[in-house]
Amino acid sequence: MTIETILVLNAGSSSIKFQLFKGEESVLSGQIDGLGASAWIKGKSAEGAVIMDRALSDEEAKNHNTALQVILALLKEFDSELEVDAIGHRVVHGSAKYSAPVLVTDEVFAELETFNDLAPLHNPHNLAGIQGAKEAFPGKPNVACFDTAFHRTQEFKNEAYAIPLKYYEEGVRRYGMHGQSFHYIAEELHNVAPEVANGKVVVAHLGNGASMCAIENGKCVTTTMGFTPLDGLAMGTRSGTIDAGVVFYMMDHYGMSAKEVANLLNKESGMKGLSGISQDMRDLENSDSPVAARALEYYENRILREMGGLIAVMGGLDAVVFTGGIGENSSQTRAGVCKGLEFLGAELDEEANKGRAKDALVISKPSSKVKLMAIATDEEGMIARQTRAICEA
Ligand code: AMP
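Residues numbered from 1 in each chain as written. Predicted model: local features only at pLDDT ≥ 70, side-chain atom pairs only at ≥ 80, totals over all residues. Heavy atoms only, no water.

1. Brief notes about the overall build of the protein chain
Helix and strand content of the protein chain: 15 helices and 14 strands. For 393 residues, the compact-globule estimate of 2.2 N^0.38 gives 21 Å, and the C-alpha radius of gyration of the protein chain, at 21 Å, lies within 12% of that figure. Summarising its shape, the C-alpha atoms of the protein chain cover approximately 60 × 55 × 45 Å along the three principal directions. Partitioning the intrachain contacts of the protein chain with sequence separation of at least 6 by distance along the chain shows that 62% fall at a separation of at least 24. Accessible surface for the protein chain amounts to roughly 17,800 Å². Of this, 51% is attributable to carbon and sulfur atoms. When the 36 positive and 53 negative side-chain charges of the protein chain are each reduced to one mean point, those points stand 3 Å apart. (Helix = DSSP H or I, 4+ residues; strand = E, 2+ residues; numbered from the N terminus. Rg over C-alpha atoms; globule rule 2.2 N^0.38 Å. Contact = heavy atoms within 4.5 Å. Areas by Shrake-Rupley, 256 points an atom, 1.4 Å probe, with all protein chains shown as cover. Lys, Arg positive; Asp, Glu negative; His and termini not counted. Charge placed at Lys NZ, Arg CZ, Asp CG, Glu CD.)

Below, the structure written as structure tokens:
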């Protein structure tokens, strides 16, 4: 089956992001926000022409199915002749089973529903997107592309927690996230830095959520996120790795429920909690407050602590790639981290580091023992690529 036009959907609890690909090229992108309340759709072509920018009626905003009908209308407005050949879906959790994308048959859909407990904040919405797409595009193939799949090459020693084995066998494992982004960067290195593409690389995906991945020969060795996206680095509002004893203390000493602690660690912590100012790096970088400066220092230090572990587990380092909203745009964060790697012979080119990673930016000096780069990630592009591969196989 030849696949020309692919719609990529990333359905969240109250939003649906979408991007349309013709061949490898993204021709249209947009999103619906505010589902369930006062929803809005915005979509523009790759050239920047606004195709739709309006509120959804209550009827349209009822659920993912009704919202997808509006996306369908937007696609028709963009190109009245348009035929969507396949739909690629971002699905956060693929459990231990899926190490690659899968065509969603009725049986697969029923199986994916059993993973909802593993990612209750994400997977049910991702599946609602698939259900909606089945109705909006009858007969067209839907492909689920998992955030966790890229990390299934982790060995037991990196995937297990040191708790009784029964729990590992029943699915309590370090699954890892941001797999589309890491996979994209791993493939992109063959184009932009082939000399390190098969080497030992740490990719730092630093966005609102953030994780790092140790990649050797294009495959994940290990990663900083674990069972849930709460693990690893300090993030916008998430604490990252924390002594489980703190959780017990919060419950015993402050009388908090499990739900309240989860809320504290997921929504009120990270840069937001540490600075008391903002979760957004731009606000902290523009602030004169010493508390903001201390939070930024903390952020970089957490990255370095994790990076040390990833490098040691790989037994070396050929390159570091920064990506995600912060990795692509924040020269300050990149500089702080790269300075911390000088002991490995990494040499930052301060001038080059002033740039933004529209495509691929080399920010190390030619004499640097470690190649330092910033590369713009393309998670939707990766999903489109994988969807095509599955449908054309
Ligand atoms: P993402 O989740 O990948 O879209 O990243 C979003 C985050 O990137 C924002 O919350 C900001 O903290 C950060 N960011 C975006 N642009 C910049 C910038 N120019 N400088 C510093 N941080 C930025």
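Still more ground to cover, so stick around.
2. Side note on the pattern of salt bridges
Applying the stated criterion to the full structure yields 21 salt bridges. Residues Lys140 and Glu83 are paired through a salt bridge, measuring 3.7 Å at the closest nitrogen-oxygen approach. Here Lys140 is found in the loop between α3 (123-136) and β8 (142-146), whereas its partner Glu83 is found in the loop between α1 (64-78) and β6 (86-91), with 57 residues between them in sequence. Where Lys272 meets Glu268, a salt bridge forms, and the shortest distance between an N and an O atom there is 3.3 Å. On the accessibility criterion, Lys272 (29% relative accessible area) is partly exposed. Of the residues examined, Glu268 reaches a relative accessible area of 38% and is grouped as partly exposed. Each of Glu24, Glu187, Arg385 and Arg388 takes part in salt bridges that share partners, so that together they form one network. (Salt bridge = Lys/Arg side-chain N within 4 Å of Asp/Glu carboxyl O. Buried < 20%, exposed > 50% of the residue type's maximum accessible area, 1.4 Å probe, protein only.)

3. Side note on the nonpolar core
Formed by 42 residues in total, the largest nonpolar core has its most connected members in Leu206, Met307 and Phe322. Within the residue set of this core, elements represented by two or more residues are β9 (200-206), β10 (210-216), α11 (281-285), α12 (290-314), β12 (319-323), α14 (331-340) and β14 (371-375). Element by element, the count of residues in this core is highest for α12, at nine residues. Counting 29 residues, the second-largest nonpolar core is a separate cluster that includes Ile71, Val84, Ala136 and Phe137. (Core = buried A, V, L, I, M, F, W, Y, C linked by side-chain atoms within 4.5 Å.)

4. Here we look at the packing of α12 against α14
One way to put it is that α12 packs onto α14 with a least axis distance of 9 Å and a crossing angle of 45°. With respect to each other, α12 and α14 are oriented oblique. α12 and α14 meet at a crossing whose hand is right-handed. Residues Leu296, Tyr299, Glu300, Ile303, Leu304 and Met307 of α12 form the contact with α14, whose participating residues are Gln332, Thr333, Gly336, Val337 and Gly340. (Axes fitted to C-alpha atoms, helices over the stretch in contact; angles between N-to-C directions. Parallel < 35°, antiparallel > 145°, perpendicular 65-115°, else oblique. Left-handed = near helix turned anticlockwise from the far one by under 90°.)

5. Concerning the packing of helix α6 (residues 179-192) against helix α15 (residues 379-392)
Interhelical geometry of α6 versus α15 gives an angle of 80° and a closest axis separation of 8 Å. Taken together, the axes of α6 and α15 are roughly perpendicular relative to one another. Counted together, Gln180, Ser181, His183, Tyr184 and Glu187 of α6 and Glu379, Met382, Ile383, Arg385 and Gln386 of α15 form the full contact between these two elements. Grouping the amino acids of the contact of α6 with α15 by side-chain chemistry returns three nonpolar, four polar and three charged. (Nonpolar A, V, L, I, M, F, W, Y, C, P; charged D, E, K, R; others polar.)

6. Examining the sheet that holds strand β2 (residues 16-22)
Ordered in space as β5-β4-β3-β2-β1-β6-β8-β7, the eight strands form an open sheet in which the pairing is mixed. A strand with exactly one partner marks an edge of an open sheet, and here the two such strands are β5 (50-55) and β7 (102-103). Together, β1 (5-11), β6 and β8 form the strand contacts of α3, whose direction differs from that of β6 by roughly 170°. (Pairing = 2+ DSSP bridges.)

7. Points about the sheet that holds strand β13 (residues 360-362)
Taken together, the six strands give an open sheet; going across it, the order is β11-β10-β9-β12-β14-β13, and neighbouring strands pair in mixed fashion. Pairing within the sheet leaves two strands with one partner each, and these edge strands are β11 (219-223) and β13. For this sheet, the mean inter-axis angle between neighbouring strands, taken without regard to orientation, is 25°. As paired strands, β9 and β12 are joined by five bridges and run parallel to one another.

8. So, the site of the ligand
Taken together, Gly207, Asn208, Asp280, Met281, Arg282, Glu285, Gly324, Gly325, Ile326, Asn329, Ser330 and Arg356 make up the full set of residues adjacent to the ligand. At a separation of 3.2 Å, an oxygen atom of the ligand approaches a polar side-chain atom of Asp280. For the ligand, an oxygen atom lies 3.4 Å from a polar atom in the backbone of Ile326. Surface burial for the ligand is 75%, taken as the share of its 500 Å² of free accessible area covered by protein chains. Among the elements of the structure, α11 and α13 (324-329) are those that each provide at least two residues to the shell around the ligand. For the shell around the ligand, the leading source of residues is α13, giving four residues. (Near = heavy atom within 4 Å. Polar contact = N/O pair within 3.5 Å; in protein donor to acceptor, adjacent residues only side chain to side chain.)

9. Structural notes on unusual backbone geometry
Despite not being glycine, Ser95 shows a phi value in the positive range, around 55°. Tracing the chain through its elements places Ser95 in the loop between β6 and β7. With relative accessibility at 8%, the residue Ser95 sits in the buried group. Positioned with a positive phi, Asn217 is a non-glycine residue whose angle comes to about 55°. Inspection of the secondary structure assignment puts Asn217 in the loop between β10 and β11.

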